[in-house]
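# Architecture at a glance
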Amino acid sequence: MTAVAIAPGPEDGRDEPRVSLVVPIYNEQEVLPLLLERLRGLLDGCAAGSEAILVNDGSGDGSWPLIVAAARADPRFRGLDFSRNFGHPAAITAGLDHASGDAIVVMDADLQDPPELVPKLVALYREGWDVVHARRSARQGETAFKKLTATAYYKVMAVLADRPPTPEVGEFRLMARPVVEALCGMRERHRLVRGLVSWLGFRQATVDFERPGRAAGSTKFPFWRMFRLSWDGLTAFSVAPLRLALVLGLLALAVAIPAAGLLLLGLGAGAGAATALLCGQLLLAGTTLVCLGLLGDYVGRIYDEVRGRPLYVVRQRLGLEPPRR
Ligand code: UDP
Ligand code: MG
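The text that follows walks through the structure, step by step, so that each part is easy to find. Fair warning: this is a prediction, and the values are worked out from it, not measured in the lab.

When helices and strands are tallied, the protein shows 10 helices and 9 strands. Counting the 325 residues in the protein, one finds 45% classified as buried. Counting contacts in the protein only where the partners sit at least 6 residues apart, residues at least 24 apart contribute 84% of the total. Surface accessibility of the protein: about 16,100 Å² in total, with carbon and sulfur atoms responsible for 63%.

The next point concerns the pattern of salt bridges. Per the stated rule, a full pass over the model turns up 24 salt bridges. Ionic pairing is found between Arg214 and Asp110, a salt bridge with its closest N-O pair at 3.4 Å. Of the two residues, Arg214 is situated in the loop between strand E8 (204-211) and helix H8 (223-237) and Asp110 in the loop between strand E5 (103-106) and helix H4 (118-127); the sequence distance between them amounts to 104 residues. Accessibility expressed as a relative area gives 22% for Arg214, which makes it partly exposed.

Another point: the packing of helix H1 (residues 32-44) against helix H2 (residues 63-73). Where H1 contacts H2, the two axes come as close as 11 Å, and the packing angle between them is 30 degrees. Viewed along their axes, H1 and H2 adopt a mutual orientation that is roughly parallel. When the axes of H1 and H2 are compared, the crossing they make is right-handed. Contact residues: H1 offers Leu32, Pro33 and Leu36, while H2 offers Ser63, Leu66, Ile67 and Ala70. When its residues are assigned to classes, the contact of H1 with H2 shows 6 nonpolar, 1 polar and no charged.

Our focus in this paragraph is the coordination of the magnesium ion (ligand 2). Taken together, Asp110 (OD) and Gln112 (OE1) make up the protein donors of the magnesium ion (ligand 2), found 1.9 to 2.0 Å from the metal. No difference in accessibility class separates Asp110 from Gln112, as the two residues are buried.

Our focus in this paragraph is a nonpolar patch on the surface. Where nonpolar side chains cluster on the molecular surface, the patch consists of Leu246, Val247, Leu250, Leu251, Leu253 and Ile257 and spans about 620 Å² of accessible area. On the basis of relative accessible area, Ile257 is assigned to the exposed category, the value being 58%.

What follows is about the packing of helix H6 (residues 177-184) against helix H7 (residues 193-200). Taken N-terminus to C-terminus, the directions of H6 and H7 make an angle of 115 degrees; their axes are 10 Å apart at the nearest point. Every pair of crossing elements has a handedness; the one defined by H6 and H7 is right-handed. Across the interface between the two elements, Val179, Ala182 and Leu183 of H6 pack against Val193, Leu196, Val197 and Leu200 of H7. In the contact of H6 with H7, the residues fall into 7 nonpolar, no polar and no charged.

This next bit is on the site of ligand 1. Around ligand 1 lies a shell of 19 residues, among which Glu28, Asp57, Thr219, Lys220 and Arg225 are the nearest. A distance of 2.8 Å separates an oxygen atom of ligand 1 from a polar backbone atom of Pro24. In this structure, an oxygen atom belonging to ligand 1 sits 2.8 Å away from a side-chain N or O atom of Gln112. Protein chains shield 96% of the accessible area of ligand 1, which is 530 Å² for the free molecule.

Counting across every chain of the model gives 8 aromatic pairs. Cluster of aromatic residues (ring-pair linked, three or more members): Phe145, Phe223, Trp224 and Phe227. Above the plane of the ring of Tyr125 lies Arg14, whose end atom (NZ or CZ) is 4.5 Å from the centre. Residue placement shows Arg225 over the ring face of Phe221; its charged tip is 5.7 Å from the ring centre.

This part is about the environment of Pro89. Mapping Pro89 onto the fold places it in helix H3 (residues 88-98). A residue is classified by how much of its surface remains accessible, and Pro89, at 18% relative accessible area, is buried. Along the sequence, Pro89 and Arg309 sit 220 residues apart, while their C-alpha atoms lie 15 Å from each other. With residues up to four places along the chain from it excluded, the contact list for Pro89 reads Arg191, Val193 and Leu229.

Basis of the calculations
- Residues numbered from 1 in each chain as written.
- Chains lettered and ligands numbered in written order.
- Predicted model: local features only at pLDDT ≥ 70, side-chain atom pairs only at ≥ 80, totals over all residues.
- Heavy atoms only, no water.
- Helix = DSSP H or I, 4+ residues; strand = E, 2+ residues; numbered from the N terminus.
- Buried < 20%, exposed > 50% of the residue type's maximum accessible area, 1.4 Å probe, protein only.
- Contact = heavy atoms within 4.5 Å.
- Areas by Shrake-Rupley, 256 points an atom, 1.4 Å probe, with all protein chains shown as cover.
- Salt bridge = Lys/Arg side-chain N within 4 Å of Asp/Glu carboxyl O.
- Axes fitted to C-alpha atoms, helices over the stretch in contact; angles between N-to-C directions.
- Parallel < 35°, antiparallel > 145°, perpendicular 65-115°, else oblique.
- Left-handed = near helix turned anticlockwise from the far one by under 90°.
- Nonpolar A, V, L, I, M, F, W, Y, C, P; charged D, E, K, R; others polar.
- Donors = N, O, S within 2.8 Å, 3.2 Å for Na, K, Ca; no water.
- Patch = residues over 30% accessible without salt bridge, like charges linked within 9 Å, V, L, I, M, F, W, Y side chains within 5 Å.
- Near = heavy atom within 4 Å.
- Polar contact = N/O pair within 3.5 Å; in protein donor to acceptor, adjacent residues only side chain to side chain.
- Phe/Tyr/Trp six-rings, centres within 6.5 Å; stacked < 30°, edge-to-face > 60°.
- Lys NZ or Arg CZ within 6 Å of the ring centre and 35° of its normal.

Pasting the structure below:
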């Protein structure tokens, strides 16, 4: 394990925290028995009052009955059941809204984020770090395509985003209560949680770990879902795609003005000139449509925000009170 400081070092130590584990769950019945067993072991080693909040994000399989049984057998397990599937970021947000611990850890259900790493995250929290990211130093059981696109995405974000997320870090991280309070106050709809955490600042540290493959079941993030999440992240933290319109417009002018000059001087007469004109028209029309599309995408996002619908709707709570905010 290596702890890498990416902010000024902390000065003060902290007491053993009550830990809240937040686990988003979508069709994970195959892995849930394994997960519950590993979480039980983890909670046994945590301070009294620690909890695991299992957020059922509209699963269509037997995940919710398994969560209900776990919560009835052991009150440290708490459950939230959504009215339908609202997506991974909404499920994380709901868990954070309801968490009561001093230190809150978000982790995936499929055991790709090993519960055994949590004590290491807690140790850094106790040293005074407010956010402790778990960074994937290696990834098992993931396709070369997924690894490549993930690396490329972080590179693009590093250039374009106002506050890029830490590379090779997903949503597996510990956050101190003040960080979670601030994060829950940000209710924007198109959420890339890791981007919001990066935007917040605080004292952030990183712990490396080798990410194992999924313990059971299959990925819930096929290519297009991953693409949508990535695009959400880019547009939420950058207006660079909108500026593309300006760049393309300038490029088009740079070509069009000399071409017009040549035509005026009578240097491009005949069929060739007509073809050139047509190509120029098509190029401009295509560019205009791309820019309109991008503009429309951002306008649509503004519309989503203005409607102000809730980020998620809860059907049932087990062992949890509705949050005060
Ligand atoms: N998940 C969710 N809602 C969704 C999709 C996924 O809560 O709409 C959960 C899923 O159950 C898992 C986590 O998000 O706990 C990460 O999903 P997955 O492991 O399938 O993603 P991958 O690791 O393949 O990127
Ligand atoms: Mg996974």
